[in-house]
Number of protein chains: 2
Amino acid sequence: MASATSRSTAAPAAVVHSTFRIERSYAHVPSCVFRAFADKDIVRRWRVEDEGSVVHEFTFDFRVGGSEVSRFSFAGGPQIRLDAQFHDIVPDCRIVFAYRMTIGTTPFSASLTTIELAPSPGGTHLIYTEQGAYLDGGESANGREAGSRSLLDKLAVELAK
Amino acid sequence: MASATSRSTAAPAAVVHSTFRIERSYAHVPSCVFRAFADKDIVRRWRVEDEGSVVHEFTFDFRVGGSEVSRFSFAGGPQIRLDAQFHDIVPDCRIVFAYRMTIGTTPFSASLTTIELAPSPGGTHLIYTEQGAYLDGGESANGREAGSRSLLDKLAVELAK
């Protein structure tokens, strides 16, 4: 892994920018879906904890200007850290946050995520838009959309509980 | 202006997402251009202060995880606030930050900005990429690219001093 020192003396890989958008329908009203993004205990359950990973820290201050820190690692692997700030919250309608992912001491991505919720005949229509800057030459870009789809699947399971 | 309360009871405008990229050449070495984004006094001079505006606050903690807060107003207008967090800093090469713009108490945009610097025969080639989420239905999107081009013009003037 590159150290902070080596990063300052060699030109880094070009940043890869990309945006993806995922749409989902959930059979629950918007207030219920919103709560799954807003309530610390619920968020920890479906979004932070994962089979095979250990959560070292989870702080979650859900308000505009508030922050989240999640630190976790997979089976003896390096520690991965997520630092997020909430930029807009409209209850039951919208959440906008930016987050940085760091492995060891090296940030490898920064992203701006917009979650929009609207009532639909069946419950809620969700639009998830993520605008990303991938700092490792795009290596981390490949899995991000798939990872986000997988998380939105986990949300469906959580809501069904 | 919508209050926090009225925003929570009416569906907000759809978020408009857009990305722009600006390229510039400066007749100065990358370390000199980088310093104009990193040094608090220099940043204040070319990027924060503006004719006809009053700066009420400027805090600037230039490190990964550090924040900027700028509060200003134009000729008796409402207070505008910028809250930024630095997500990646590679000296003389790259700066990534996310920022939220707020008017009164209402956030109207969140953006992820990447500044990449590379040495060129004439000095520095700069690539400015901004991925934005415009929360007011796109009204603020229109001027953002033009505003950023104008700031990069001001940077050229600052560097020539």
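Reading the values: rules and limits
Residues numbered from 1 in each chain as written. Chains lettered and ligands numbered in written order. Predicted model: local features only at pLDDT ≥ 70, side-chain atom pairs only at ≥ 80, totals over all residues. Heavy atoms only, no water. Helix = DSSP H or I, 4+ residues; strand = E, 2+ residues; numbered from the N terminus. Buried < 20%, exposed > 50% of the residue type's maximum accessible area, 1.4 Å probe, protein only. Contact = heavy atoms within 4.5 Å. Lys, Arg positive; Asp, Glu negative; His and termini not counted. Charge placed at Lys NZ, Arg CZ, Asp CG, Glu CD. Pairing = 2+ DSSP bridges. Axes fitted to C-alpha atoms, helices over the stretch in contact; angles between N-to-C directions. Salt bridge = Lys/Arg side-chain N within 4 Å of Asp/Glu carboxyl O. Least-squares fit on C-alpha atoms with pLDDT ≥ 70 in both. Buried area = accessible area lost by both parts, 1.4 Å probe. Polar contact = N/O pair within 3.5 Å; in protein donor to acceptor, adjacent residues only side chain to side chain. Phe/Tyr/Trp six-rings, centres within 6.5 Å; stacked < 30°, edge-to-face > 60°.

Visitor: Can you tell me about the overall build of chain A, naming the residues and giving the values?
Guide: When you go through chain A residue by residue, the secondary structure sums to 4 helices and 7 strands. Its helices and strands taken in sequence order, chain A reads α-β-α-α-β-β-β-β-β-β-α from the N to the C terminus. Taking the principal axes of its C-alpha atoms as reference, chain A extends roughly 55 × 30 × 30 Å. Counting the 161 residues in chain A, one finds 49% classified as buried. A separation threshold of at least 6 residues defines the contact pool for chain A, and within that pool the share at least 24 residues apart is 48%. The average position of the 17 basic charges and that of the 19 acidic charges among the side chains of chain A differ by 2 Å.

Visitor: Which residues make up the sheet that holds strand β7 (residues 123–134) of chain A, and what values do they have?
Guide: Residues and elements named next belong to chain A. Pairing is antiparallel in the open sheet, where 7 strands are placed in the order β1-β7-β6-β5-β4-β3-β2. Sheet topology places β1 (16–26) and β2 (53–60) at the edges, where each strand pairs with a single neighbour. Taken over all neighbouring pairs, the strand axes of this sheet differ in orientation by 15° on average, direction set aside. As judged from the 7 bridges shared by β2 and strand β3 (residues 67–74), these two strands associate in the antiparallel manner. Directly across from phenylalanine 60, in β3, lies its bridge partner glutamate 68. Packing of helix α4 (residues 141–160) onto the sheet brings it into contact with β1, β5 (94–103), β6 (106–120) and β7, and relative to β1 it is tilted by some 20°.

Visitor: Tell me about the pattern of salt bridges, residues and numbers included.
Guide: The final tally for this structure, using the stated rule, is 28 salt bridges over all chains. A salt bridge links arginine 63 of chain A to aspartate 61 of chain A; its shortest N-O distance comes to 2.8 Å. Arginine 63 of chain A sits in the partly exposed class, given a relative accessible area of 45%. Under the relative-accessibility criterion, aspartate 61 of chain A is labelled partly exposed at 32%. Residue aspartate 153 of chain B pairs with arginine 24 of chain B through a salt bridge whose shortest N-O separation is 2.7 Å. Of the two residues, aspartate 153 of chain B is situated in helix α4 (residues 141–159) and arginine 24 of chain B in strand β1 (residues 16–26); the sequence distance between them amounts to 129 residues. Taking the relative accessible area as the measure of exposure, aspartate 153 of chain B reaches 41% and is therefore partly exposed.

Visitor: Provide a residue-level description of the sheet that holds strand β6 (residues 106–120) of chain B, including the pertinent values.
Guide: All names here are of chain B. An order of β1-β7-β6-β5-β4-β3-β2 is seen for the 7 strands of this open sheet, with the pairing classed as antiparallel. The open sheet has two edge strands with one neighbour each: β1 and β2 (53–60). Looking at each pair of strands side by side, their axes are set apart by 15° on average, direction ignored.

Visitor: Account for the relation of the copies chain B and chain A, naming residues and giving values.
Guide: Rotating chain B by 180° and moving it 0.0 Å along the rotation axis overlays it on chain A with an RMSD of 0.0 Å. What the superposition gives is, in effect, a two-fold axis relating one chain to the other. When you check the interface residues of chain B against chain A, 100% turn up at the interface there too, and the contact is symmetric in its surfaces.

Visitor: Explain the interface of chain B and chain A to me, using residue names and the numbers behind them.
Guide: The interface is formed by 35 residues belonging to chain B together with 36 residues belonging to chain A. Together chain B and chain A conceal approximately 2700 Å² of surface at their shared face, both sides included; 60% is due to carbon and sulfur atoms. One can count 0 salt bridges joining chain B with chain A. Counting the contacts that link chain B with chain A gives 13 residue pairs in polar contact (both at pLDDT 80 or more). Counting residues per element, the ones that place at least two in the side of chain B that touches chain A are α1 (4–9), β1, β4 (80–90), β5 (94–103), β6 and β7 (123–134) of chain B. The dominant element in the side of chain B that touches chain A, judged by the number of residues it contributes, is β6 of chain B, at 6 residues.

Visitor: Requested: an account of the packing of aromatic side chains, with residues and values cited.
Guide: Residues and elements named next belong to chain A. One pass over the structure, following the stated rule, counts 20 aromatic pairs over all chains. With 6.2 Å between their ring centres and 65° between their planes, phenylalanine 86 and phenylalanine 97 make a pair best called edge-to-face. With phenylalanine 86 in strand β4 (residues 80–90) and phenylalanine 97 in strand β5, this residue pair connects regions lying 11 residues apart in the sequence. With a relative accessible area of 3%, phenylalanine 86 lands in the buried category. We classify phenylalanine 97 as buried; its relative accessible area is 15%. The structure contains a cluster of three or more aromatic residues connected by ring pairs, namely Phe34, Phe58, Phe60, Phe62, Phe86, Phe97 and Tyr99.

Everything listed here is a matter of coordinates, which is why it stays silent on function.
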